[in-house]
Amino acid sequence: MIKNICFVMLATTLMFVGACSKNTLTNVEKGNRDSELYIANADEPESLDPHVASGSPDANIILGLFEGLASLDPKTLEPSPGVATHWDISEDGKVYTFYLRENAKWSNGENVTAHDFIYSWRRALQPALAAKFAYMMYPIKNAEAFNTGKLTDFNEVGVKALTDYTLEITLAHPTPYFILLLDHHSFYPVHKATIEKYGEIDNPNTLWTRAENFVGNGPFTLAEWKINQHIKLAKNPHYWDANTVKLNALHFLPITDQQAEERAFRTGQVHLTYSPQMANEKIATYRDNHPDVFQAYYTYSSYYYVFNTKRAPFDNIKVRQAFSMAIDRESITKNVTKGGEIPTFSVIPPDPQGYKPKAYYGYNPEKAKQLLAEAGYPNGKGFPTFYIHYNTLETHKKVAVAVQQMLKNVLNIDVQLHNEEWKVYLSTQKNHNFDVTRQAWIADYADPSNFFEIFLSYGGNNHSQWDNKQYDALVEEAARTMDSAKRFELFEQANKILADEMPIMPIYLYSDINLVQPYVKNWHPNILHRHHYKTVYLDPPEAP
């Protein structure tokens, strides 16, 4: 059947309605009828296990399936009650006592207790699980020692159930942002009986996240997962705040092609895109002609390339410096990405609380040539063939092509580009099987530590394999420093080390650019690109 694509203007709002046939409804039309939200989610998730997941496509879905002790308010990002109704903090800032709501349930109807959080955090810190975000738990007393195998008795880790619904957490030192961490998926609880039914506590590859096996504690539960087609979450009737949840279901579609993503929005297959960037060619059209569906705002995030510092020639600091000084970031943001991204020479974005990193170098083609010659490759002579890896997305390809051309024009170096599907790309990074790879980071919480901790020598997300003990010490000291001015001084010293040794090549700071139907309510723009679904609802206009 040939489908007609209709464009209907309602007041000043452009509404997209596809498949105007009497017999066929689009996803959006069905969703509006049934209160089900359709989301373009950029890619197939690597995992829906909150302790194993590492990418945005995973986290976007996990947010609907689980809930932590505290949640971040979708508008203000201030911590608000989650499974815990409230909490107390000791005068020395080291002991947190959480009071769990007794009506919090798993999706199978069982109670969520303090013991569930203790089990879950013991799992997340298992050395064999190799959770990438385990280091985020290190503020907890003895968590690092347990995760690194120096301590085997989890009873010595600073978590204790005072009652079934009272959880006490003791930190190794005061941590000013600790509450913010609790809405990260690495701190979410998992259901013990389900985990152990399908494997060992430290096995990351069991079948418990299949829809027919799944148990979670969030506002939605996993109803269907068809690989590379869609993931459906259904409203969880056992969720403690189910009356607040207005949507009956969420549908996540893994659309890697940005042109196809825009087409899916325009033809009524999705209510919104969640990439975080739409097709570059379409930005101006939507911004100028359809501002009611166009959302663009600053995010606390960074886009950069990672050097494998253990692989020649990128084990040479001068090579890394030469590459970074040869890249015209302003040209990339103006002519390639076109979405209001900010060129940057620091991988750390300005902090909403006031920290503004300094830039210690800039675009300098002549200096880049000099550094490459000093590294032993005058005018690129003798430089070995290498690859830039990136995951499937048109923007990543275009940025890589621009970098390829700039390195050729400035340094006379030939660059090969290598595109990889999302899961392969993650495996490539995890196994350090690359020369240079694209990476981006959207903050998990609004504090500079979240960026600086990426590059700790023991950090699970430090794919560069760069190791600098002075840097580690500065970041660790900042983590236990409560005075903001002193913290910022420590951060700046660490930022200078990153700029000097350059294990990564910053390119730009993200803009979050997406298409959202205006009747998707409570979808609040925020700097973390994070949207809790429990308060989101659909309020479509009546058809003419």
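Preceding this paragraph is the structure being described.
Here the structure is a predicted model, which is why all the values come from computation and not from measurement.

Cut-offs and rules
Residues numbered from 1 in each chain as written. Predicted model: local features only at pLDDT ≥ 70, side-chain atom pairs only at ≥ 80, totals over all residues. Heavy atoms only, no water. Helix = DSSP H or I, 4+ residues; strand = E, 2+ residues; numbered from the N terminus. Rg over C-alpha atoms; globule rule 2.2 N^0.38 Å. Buried < 20%, exposed > 50% of the residue type's maximum accessible area, 1.4 Å probe, protein only. Contact = heavy atoms within 4.5 Å. Areas by Shrake-Rupley, 256 points an atom, 1.4 Å probe, with all protein chains shown as cover. Pairing = 2+ DSSP bridges. Axes fitted to C-alpha atoms, helices over the stretch in contact; angles between N-to-C directions. Parallel < 35°, antiparallel > 145°, perpendicular 65-115°, else oblique. Left-handed = near helix turned anticlockwise from the far one by under 90°. Nonpolar A, V, L, I, M, F, W, Y, C, P; charged D, E, K, R; others polar. Core = buried A, V, L, I, M, F, W, Y, C linked by side-chain atoms within 4.5 Å. Phe/Tyr/Trp six-rings, centres within 6.5 Å; stacked < 30°, edge-to-face > 60°. Arc of directions from axis to C-beta. Polar contact = N/O pair within 3.5 Å; in protein donor to acceptor, adjacent residues only side chain to side chain.

Draft legend 1. Fine view of the overall build of the protein chain. Each helix and strand in the protein chain was counted, giving 16 helices and 23 strands. On C-alpha atoms alone, the protein chain measures out to a radius of gyration of 24 Å, which is about the 24 Å that the 2.2 N^0.38 rule sets for 544 residues. Expressed as lengths along the three principal axes of its C-alpha atoms, the size of the protein chain is roughly 65 × 65 × 40 Å. Relative to its 544 residues, the protein chain shows a buried fraction of 58%. When contacts within the protein chain are restricted to residue pairs at least 6 apart in sequence, long-range pairs at least 24 apart make up 69% of them. Element-wise, carbon and sulfur atoms account for 47% of the exposed surface of the protein chain, whose accessible area totals about 21,200 Å².

Draft legend 2. The arrangement of the environment of Arg329 in detail. Within the secondary structure, Arg329 sits in helix 10 (residues 329–337). When the C-alpha atoms of Arg329 and Ser275 are compared, they prove to be 22 Å apart, with 54 residues separating the residues in sequence. The residues contacting Arg329, other than those within four sequence positions of it, are Ser324, Pro343, Thr344, Phe345, Tyr361, Met505, Pro506 and Ile507.

Draft legend 3. View of the sheet that holds strand 7 (residues 95–100). The four strands lie next to each other as 6-7-9-8, forming an open sheet whose pairing is antiparallel. For this open sheet the edge positions go to strand 6 (84–89) and strand 8 (159–163), each flanked by a neighbour on one side alone. In this sheet, adjacent strand axes meet at a mean angle of 20 degrees when their direction is disregarded. By the bridge criterion, five bridges tie strand 7 to strand 9 (residues 166–170) in an arrangement that is antiparallel. Counted as the bridge partner of Thr97 is Glu168 from strand 9. Against the sheet, helix 3 (residues 114–124) touches strand 7, strand 8 and strand 9, its axis set at about 170 degrees to strand 8.

Draft legend 4. Representation of the packing of helix 15 (residues 469–479) against helix 16 (residues 484–501) in the model. Put simply, helix 15 and helix 16 touch, their axes get as near as 9 Å, and they point 160 degrees apart. Between helix 15 and helix 16, the angle is such that the two are roughly antiparallel. Crossing geometry of helix 15 relative to helix 16 is assigned as left-handed. For the pair formed by helix 15 and helix 16, the contact residues are Gln470, Tyr471, Leu474, Val475, Glu477 and Ala478 on the first element and Lys486, Arg487, Leu490, Phe491, Gln493, Ala494, Ile497 and Leu498 on the second. Taken together, the residues that form the contact of helix 15 with helix 16 break down as nine nonpolar, two polar and three charged.

Draft legend 5. Molecular detail of the pairing of strand 3 (residues 36–40). Extensive coverage of strand 3 is indicated by the burial of five of its five residues. On strand 3, burial covers both faces: Glu36, Tyr38 and Ala40 on one face and Leu37 and Ile39 on the other are all buried.

Draft legend 6. Seen up close, the nonpolar core. Ranked by size, the top nonpolar core spans 75 residues in total, and within it Leu69, Phe98, Trp121, Ile140, Leu167, Ile169 and Tyr471 carry the most contacts. For this core, the leading source of residues is helix 16, giving six residues. Filtering out sequence-adjacent residues up to four positions away, Leu69 remains in contact with Pro81, Gly82, Val83, Ala84, Trp87, Phe98, Leu100, Phe117, Trp121, Leu167, Ile169 and Leu182. Membership of the second largest hydrophobic core comes to 40 residues, among which are Tyr303, Phe323, Val336 and Tyr361.

Draft legend 7. Structural context of the packing of aromatic side chains. Tallied over the entire structure, the rule returns 40 aromatic pairs. Considering the side-chain rings of Trp121 and Phe187, the 5.5 Å spacing of their centres and the 85 degrees angle between planes classify their relative orientation as edge-to-face. Residue Trp121 is found in helix 3, and its partner Phe187 is found in the loop between helix 5 (178–181) and helix 6 (192–197); the two are separated by 66 residues along the sequence. In this structure, Trp121 and Phe187 share a single accessibility class: buried. Ring geometry for Trp208 against Phe214: centres 5.7 Å apart, planes inclined by 10 degrees, an arrangement best described as stacked. The burial state of Trp208 is the same as that of Phe214; both residues are buried.

Draft legend 8. Looking closely at the environment of Lys358. Position of Lys358 among the secondary structure elements: in the loop between strand 16 (342–343) and helix 11 (365–374). Of the residues examined, Lys358 reaches a relative accessible area of 52% and is grouped as exposed. Sequence-distant contacts of Lys358, defined by excluding residues within four places in its chain, comprise Ser346, Glu492 and Asn495.

Draft legend 9. Structural detail: the pairing of strand 11 (residues 230–235). In this sheet, strand 11 lies alongside strand 10 (residues 220–226) in antiparallel orientation, the contact comprising six bridges. Bridge assignment links Thr221 to a residue of strand 11, and that residue is Ala234. By the bridge criterion, four bridges tie strand 11 to strand 12 (residues 249–253) in an arrangement that is antiparallel. Looking at the pairing, Ala234 lines up with Ala249 of strand 12.

Draft legend 10. Summary view of helix 11. Listing the buried residues of helix 11 in full gives Ala368, Leu371 and Leu372. Buried residues of helix 11 fall within an arc of 100 degrees about the axis and therefore sit on the same side. Each element contacted by the buried residues of helix 11 is listed here: helix 9 (317–325) and helix 12 (394–411). Once helix 11 ends, the next one or two residues include Gly376, with phi positive near 105 degrees.

Draft legend 11. Region of the structure containing the side chain of Asp435. Relative to the assigned elements, Asp435 resides in the loop between helix 13 (422–430) and strand 19 (436–442). Leave out the neighbours within four places in its chain, and Asp435 touches Val306, Phe307, Asn308, Arg311, Phe314, Phe386, Tyr387 and His389.

Draft legend 12. Representation of the side chain of Asn514. Position of Asn514 relative to the elements: it lies in strand 21 (residues 511–515). A polar atom in the side chain of Asn514 sits 2.8 Å from the side chain of Thr273. One polar contact links Asn514 to Asp512, side chain to side chain, over a distance of 2.7 Å.

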